[in-house]
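Read off the chains here:
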Amino acid sequence: MALAAGGRKRKAPRRAAAPGRRLRRQRAAAPGAEGKARPAAGWHRNEEVSSDSEAESPAAGGRRRREETAPAAEEEEVEETPQEKKLRLAKLYLEQLRQHEEEKAEEEAFAEDLIGDRLKEDVLEQKGRLQRLVAKDVQPPDLASIQVLRGHQLPITCLVISPDDKFIFSAAKDGSIIKWEVESGKRLCVVPGGKKGTEEQQVGHTAHILCMAISSDSKYLATGDRNKLIMIWEAATCKHLYKFTGHRDAVSGLSFQKGTHQLYSASHDRSVKVWNVAENAYIETLFGHQDIITGLDSLSRECCVTSGGRDGTVRVWKIPEESQLVFYGHQGSIDCIQLINEEHMVSGADDGSIALWGLTKKKPLALVRQAHGTHGSQSLQQPYWISAVAALRNSDLVATGASC
């Protein structure tokens with residue numbers, strides 16, 4: 001034993017552990033929860049590693065390593081730092097936001113498709129090329145579901161249905177006007193007719209009402225009578241607004257241009273007049289027919305069509321160009337007319353014929369003679385004259401009525 005300086009005894013240092021053993025001891029130390037080598041706190045710096053520990057089987061070592069790391073992993077799942085929680089919640093929020101945006105995009109795409117289809121329909125409707133094929137699916141009405149509405153004292157001469165299909169306005173030979181509710185059949189308001197000679201005191205008509213029209217926004221109702229007058233009413237309340245004068249004979253047809261408050265009127269005085277109802281103003285008068293005008297109709301374009309009665313013509317009036325197109329085809333007096341779309345119309349005459357017209361041809365596209373059959377003795381058979389026509393707009397369905 002060596003003597004230290006100062007006379008004290010000093011132990012000889014132990015031999016350092018072999019490099020291989022120290023390497024094994026470091027590998028045996030299990031990594032911590034954060035992936036760093038765990039310090040061998042329980043081991044003395046100079047402690048020897050027995051050969052038994054060194055000879056431990058690889059399988060046993062693997063089990064011990066799994067046992068040592070398992071609690072750390074479980075602890076990691078349970079414990080979460082505030083930063084990690086914020087990150088997780090942010091990711092969850094972003095995922096929910098992404099799903100919401102995808103759903104919104106799908107809804108918008110669906111809405112765009114619907115809007116696109118509607119715009120296409122509007123364009124085709126404006127051009128007069130929209131056509132819905134519904135005639136083959138029409139079924140006769142159920143007689144049990146038909147309502148009978150009573151209120152006028154004399155025969156009904158005309159009626160219109162509001163654009164929302166909720167109300168019916170009817171007028172009669174007694175000069176009265178009634179507003180009905182479609183669903184219940186109730187009379188919502190009644191404007192009584194007056195006697196001849198009481199025009200100054202009477203708010204409404206004092207003669208037979210021959211025609212009626214309602215604006216496409218259901219704001220105004222117009223009625224025309226045999227006494228050359230046009231009355232304008234507030235459709236919601238049946239309140240009388242003002243009176244148009246100017247025709248020199250009975251007013252036989254009225255029609256509002258769709259989407260506007262421009263009113264067209266036809267008369268037995270052979271003229272068509274144009275009015276601005278919203279401004280209570282007269283615009284102009286159109287001439288051309290050689291006999292009384294019996295019917296009138298219009299749609300979106302700034303034009304109207306008329307049936308010329310005994311002059312045997314159908315006319316299309318182009319208001320901005322101040323021009324007219326003349327069509328021939330019926331052999332008798334043309335009593336009624338209606339537009340199917342902007343390019344086609346249908347008319348009926350007292351010779352029993354029904355004609356389909358296109359604006360590009362002066363002759364009928366189709367003509368059905370004696371459409372409602374004939375009456376009288378075999379030697380004096382006469383066709384039932386067509387007194388009314390109606391068309392489902394932009395479709396292939398047309399209805400006609402005849403005298404009996």
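Scoring rules and cut-offs
Numbers given to residues run from 1 along each chain, matching the order in which its sequence is written. At least 70 in pLDDT is required for a residue's local features to be given in this predicted model, at least 80 for side-chain atom pairs to be given and counted, and no such filter applies to totals for whole chains, interfaces and linings, which use all residues. The side-chain numbers reported here are obtained from all heavy atoms of the structure, hydrogens and water having been left aside. Helix and strand labels come from DSSP, where a helix needs a run of H or I of at least four residues and a strand needs a run of E of at least two; each type is numbered from the N terminus. In this description, contact between two residues means that some pair of their heavy atoms is separated by no more than 4.5 Å. Type-normalised accessible area, obtained with a 1.4 Å probe on protein chains alone, sets the label of each residue: buried when under 20%, exposed when over 50%, and partly exposed for intermediate values. The criterion for an aromatic pair is that two Phe, Tyr or Trp rings (for Trp, the six-membered ring) have centres within 6.5 Å, with stacked assigned to planes under 30 degrees apart, edge-to-face to planes over 60 apart and tilted to the rest. When the NZ atom of lysine or the CZ atom of arginine is within 6 Å of a ring's centre and also within 35 degrees of its normal, the charge is said to sit over that ring. For patch building, the residue pool is restricted to those with more than 30% relative accessible area and no salt bridge; the joining distance is 9 Å between like charges and 5 Å between nonpolar side chains (Val, Leu, Ile, Met, Phe, Trp, Tyr). Working definition of accessibility: Shrake-Rupley area with a 1.4 Å probe, residue cover restricted to the visible protein chains. We define a salt bridge as a contact between a side-chain nitrogen of Lys or Arg and a carboxyl oxygen of Asp or Glu at a distance within 4 Å. Here Asp and Glu are counted as negative and Lys and Arg as positive; His is not counted, and neither are the chain ends. Positions of charges follow a simple convention, taking NZ of Lys, CZ of Arg, CG of Asp or CD of Glu. Cysteine sulfur pairs qualify as disulfides if the two atoms are within 2.5 Å. At least two DSSP bridges between two strands are needed for those strands to be called paired. In this description, a line fitted to the C-alpha atoms serves as the axis of each element, helices being fitted only across the stretch in contact, and the angle between N-to-C directions of two axes falls anywhere from 0 to 180 degrees. Under the rule applied, a polar contact is a pair of N or O atoms within 3.5 Å (in protein, one hydrogen donor and one hydrogen acceptor; residues adjacent in sequence only if both atoms are side-chain atoms).

**A closer look at the environment of Ala 366**
Then, in step 1: Note that Ala 366 resides in strand 20 (residues 366-368).
Then, in step 2: As for Ala 366 and Ala 355, which are separated by 11 residues in sequence, their C-alpha atoms are 5.8 Å apart.
Then, in step 3: Beyond its immediate chain neighbours, meaning those up to four positions away, Ala 366 contacts Ile 354, Ala 355 and Leu 356.

**Re unusual backbone geometry**
Negative phi values dominate among residues other than glycine, just as trans dominates among peptide bonds.
Then, in step 1: Even without a glycine there, the phi angle at Arg 270 is positive, about 75°.
Then, in step 2: Among the secondary structure elements, Arg 270 is positioned in the loop between strand 10 (262-267) and strand 11 (271-276).
Then, in step 3: Its relative accessible area of 41% is what places Arg 270 among the partly exposed residues.
Then, in step 4: Here the phi dihedral of Gln 370 falls at roughly 45°; this positive angle occurs in a residue that is not glycine.
Then, in step 5: Looking at where Gln 370 falls in the secondary structure, it is placed in the loop between strand 20 and strand 21 (374-375).
Then, in step 6: By relative accessible area, which is 45% here, Gln 370 ends up partly exposed.

**Brief notes about the packing of aromatic side chains**
Each aromatic ring pair is characterised by the separation of its centres together with the angle its planes make.
Then, in step 1: Inspection of the entire model under this criterion finds four aromatic pairs.
Then, in step 2: Centroid distance Phe 244 to Trp 275: 4.6 Å. Interplanar angle 5°. Geometry classified as stacked. With Phe 244 in strand 8 (residues 239-244) and Trp 275 in strand 11, this residue pair connects regions lying 31 residues apart in the sequence. The pair Phe 244 / Trp 275 is uniform in exposure class, with both members buried.
Then, in step 3: Each residue in the set Tyr 242, Phe 244, Trp 275 and Tyr 282 is aromatic and connected to the rest through ring pairs, giving one cluster.
Then, in step 4: Above the plane of the ring of Phe 167 lies Lys 179, whose end atom (NZ or CZ) is 4.4 Å from the centre.

**Regarding a negative patch on the surface**
Then, in step 1: A contiguous patch of negative charge on the surface is contributed by Glu 101, Glu 103, Glu 106, Glu 107 and Glu 108.
Then, in step 2: With respect to the helices, strands and loops of the structure, Glu 107 is situated in helix 4 (residues 82-127).
Then, in step 3: What makes Glu 107 exposed here is its relative accessible area of 55%.

**What to know about the state of the cysteines**
Then, in step 1: A complete count under the given rule lists one disulfide for this structure.
Then, in step 2: The partner cysteine of Cys 189 in its disulfide is Cys 238, sulfur to sulfur 2.2 Å. With Cys 189 in strand 4 (residues 187-191) and Cys 238 in the loop between strand 7 (230-234) and strand 8, the pair connects residues that are 49 residues apart, well separated along the chain. Like Cys 238, Cys 189 is buried.
Then, in step 3: In this structure Cys 303 is not part of a disulfide, and its nearest cysteine sulfur, from Cys 304, lies 7.0 Å away.

**Digging into the sheet that holds strand 10**
Then, in step 1: The strand order across the open sheet formed by four strands is 9-10-11-12, and the pairing between neighbours is antiparallel. Each edge of the open sheet is held by one strand with a lone partner, namely strand 9 (251-256) and strand 12 (281-287). Strand-to-strand, the axes of this sheet are offset by a mean angle of 20°, without reference to chain direction.
Then, in step 2: Relative to strand 12, strand 11 is paired through six bridges, and the arrangement is antiparallel. The residue bridging Ser 271 from the neighbouring strand is Phe 287, located in strand 12.

**Comments concerning the side chain of Ser 333**
Then, in step 1: Residue placement: Ser 333 occurs in the loop between strand 16 (323-328) and strand 17 (334-339).
Then, in step 2: For Ser 333, the side chain forms a polar contact with the main-chain nitrogen of Arg 310, separated by 3.5 Å.
Then, in step 3: Here the side chain of Ser 333 touches Asp 335 through a polar contact of 3.2 Å, side chain to side chain.
Then, in step 4: When sequence neighbours within four positions are dropped, the list of residues in contact with Ser 333 reads Gly 309, Arg 310, Gly 348, Ala 349 and Asp 350.

**Overview of the pairing of strand 4**
Successive side chains on a regular strand alternate, one facing one side of the sheet and the next facing the other.
Then, in step 1: The pairing of strand 3 (residues 177-181) with strand 4 spans four bridges and is antiparallel. Bridge pairing in strand 4 places Ile 178 opposite Val 190.
Then, in step 2: Between the end of strand 3 and the start of strand 4, which pair antiparallel, lie five residues, with Gly 185 showing a positive phi angle near 80°.

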